[in-house]
Amino acid sequence: MLCEMCGTEVESTNRVKIEGSVLSVCPSCARFGVAIDPPATPAPVSDTAFQPTRPVTGASVPVSMGDRLSAGRRRLEERDLYRELPEMELAPDWMKRIRAAREKLAWTPEELAKKLNEKKSVVLKMESAGFRPPDAMIRKIEHLLKIRLRAEPEAATAAAGN
Ligand SMILES: [Zn+2]
């Protein structure tokens with residue numbers, strides 16, 4: 001057999017695809033192309049039947065999905081900004097007020113944490129490190145300990161104690 005590429009007489013040729021055309025070439029020329037006849041065992045029939053059902057992904061699909069994702073992220077960031085704006089103003093000694101009220105009730109940090117559905121470390125961080133809890137938790141603490149943590153005029157504080 002003759003190699004269709006270099007013309008060398010060889011015992012057997014390999015069919016390879018080179019630049020779009022299929023050629024029967026000698027082993028040394030075969031490396032220039034893509035083998036068409038795979039030497040490995042042919043794929044099972046079930047695999048061949050499965051192939052046509054594989055989804056064909058178009059290039060436009062991931063692009064439009066990315067656009068939607070970034071737009072959603074932008075909306076989320078705006079929402080976060082608005083949510084953080086109206087944070088309640090707390091009294092300068094709000095940490096001390098929590099601890100004093102808790103000790104007055106003879107509650108351990110664990111007990112207060114349990115009532116707040118929080119970890120003990122959260123209570124300890126609030127009282128010592130000044131970890132500012134979210135507004136919702138502040139309201140819960142005020143309700144549980146019957147204290148005010150917000151910076152409010154004296155009159156309002158007095159009226160609230162009822
Ligand atoms: Zn050749």
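Let me begin by describing the structure that accompanies this report. (Residues numbered from 1 in each chain as written. Predicted model: local features only at pLDDT ≥ 70, side-chain atom pairs only at ≥ 80, totals over all residues. Heavy atoms only, no water.)

**So, helix α7 (residues 135-145)**
- Residues of α7 that are buried: Asp135, Met137, Ile138, Ile141, Glu142 and Leu145. One face of α7 carries all of its buried residues, which in axial projection span an arc of 155°. The outward face of α7, more than 90 degrees from its buried face, is lined by the exposed residues Ala136 and His143.
- Looking at the buried side of α7, the elements it contacts are α4 (94-104), α5 (109-115) and α6 (120-129).
- Two residues or fewer after α7 comes Lys146, characterised by a positive phi angle close to 55°. (Buried < 20%, exposed > 50% of the residue type's maximum accessible area, 1.4 Å probe, protein only. Helix = DSSP H or I, 4+ residues; strand = E, 2+ residues; numbered from the N terminus. Arc of directions from axis to C-beta. Contact = heavy atoms within 4.5 Å.)

**Regarding the sheet that holds strand β1 (residues 14-18)**
- Reading across the sheet, the 3 strands line up as β2-β1-β3 and stay open at both edges, with antiparallel pairing between neighbours. Each end of this open sheet is capped by a strand with a single partner; those strands are β2 (21-25) and β3 (34-35).
- Inspection of the sheet shows β1 paired to β2 by 5 bridges, in the antiparallel sense. When the bridges of β2 are listed, Lys17 appears paired with Val22. (Pairing = 2+ DSSP bridges.)

**Thoughts on the packing of aromatic side chains**
- As enumerated under the stated definition, the model contains 0 aromatic pairs in all.
- Over the face of the ring belonging to Trp107 we find Lys115, whose NZ or CZ atom lies 4.3 Å from the ring centre.
- For the cation-ring pair, Lys125 lies above Phe131, with the distance from its terminal atom to the ring centre recorded as 5.5 Å. (Phe/Tyr/Trp six-rings, centres within 6.5 Å; stacked < 30°, edge-to-face > 60°. Lys NZ or Arg CZ within 6 Å of the ring centre and 35° of its normal.)

**Digging into the coordination of the zinc ion**
- Protein coordination at the zinc ion: the donors are Cys3 (SG), Cys6 (SG), Cys26 (SG) and Cys29 (SG), at 2.2 to 2.3 Å from the metal.
- Its 4 donor atoms give the zinc ion angles of 103 to 116° at the centre, a pattern that matches the tetrahedral case.
- All donors of the zinc ion come from a single chain, and their spacing in sequence reads C-x2-C-x19-C-x2-C. By the burial criterion, Cys26 is buried, and Cys29 matches it. (Donors = N, O, S within 2.8 Å, 3.2 Å for Na, K, Ca; no water. Tetrahedral: all angles 85-135°; square planar, octahedral: opposite > 155°, others 65-115°.)

**What to know about the pattern of salt bridges**
- Applying the stated criterion to the full structure yields 6 salt bridges.
- A salt bridge links Arg102 to Glu127, with the nearest nitrogen and oxygen atoms 2.6 Å apart. In this pair, Arg102 is assigned in helix α4 and Glu127 in helix α6, connecting sequence segments 25 residues apart. In terms of burial, Arg102 and Glu127 fall into one category: buried.
- Here Arg132 ties to Asp135 by a salt bridge, and the two come within 3.1 Å at their closest N and O atoms.
- Among the residues examined, Asp135 registers a relative accessible area of 17% and is labelled buried. (Salt bridge = Lys/Arg side-chain N within 4 Å of Asp/Glu carboxyl O.)

**A short note on the nonpolar core**
- Counting 18 residues, the largest nonpolar core has Ile98, Leu112, Leu116, Met126, Ile141, Leu145 and Leu149 as its most contacted members.
- For this core, the secondary structure elements donating two or more residues are α4, α5, α6 and α7.
- Here the element with the most residues in this core is α7; it accounts for 4 residues.
- Among all residues touching Ile141, those that are not within four sequence positions of it are Ile98, Leu116, Met126, Pro133, Lys146, Ile147 and Leu149.
- Judged by nonpolar contacts, the second largest core, of 8 residues, contains Val10, Val16, Val25 and Ala30. (Core = buried A, V, L, I, M, F, W, Y, C linked by side-chain atoms within 4.5 Å.)

As far as function goes, none of this settles anything; it's purely spatial.
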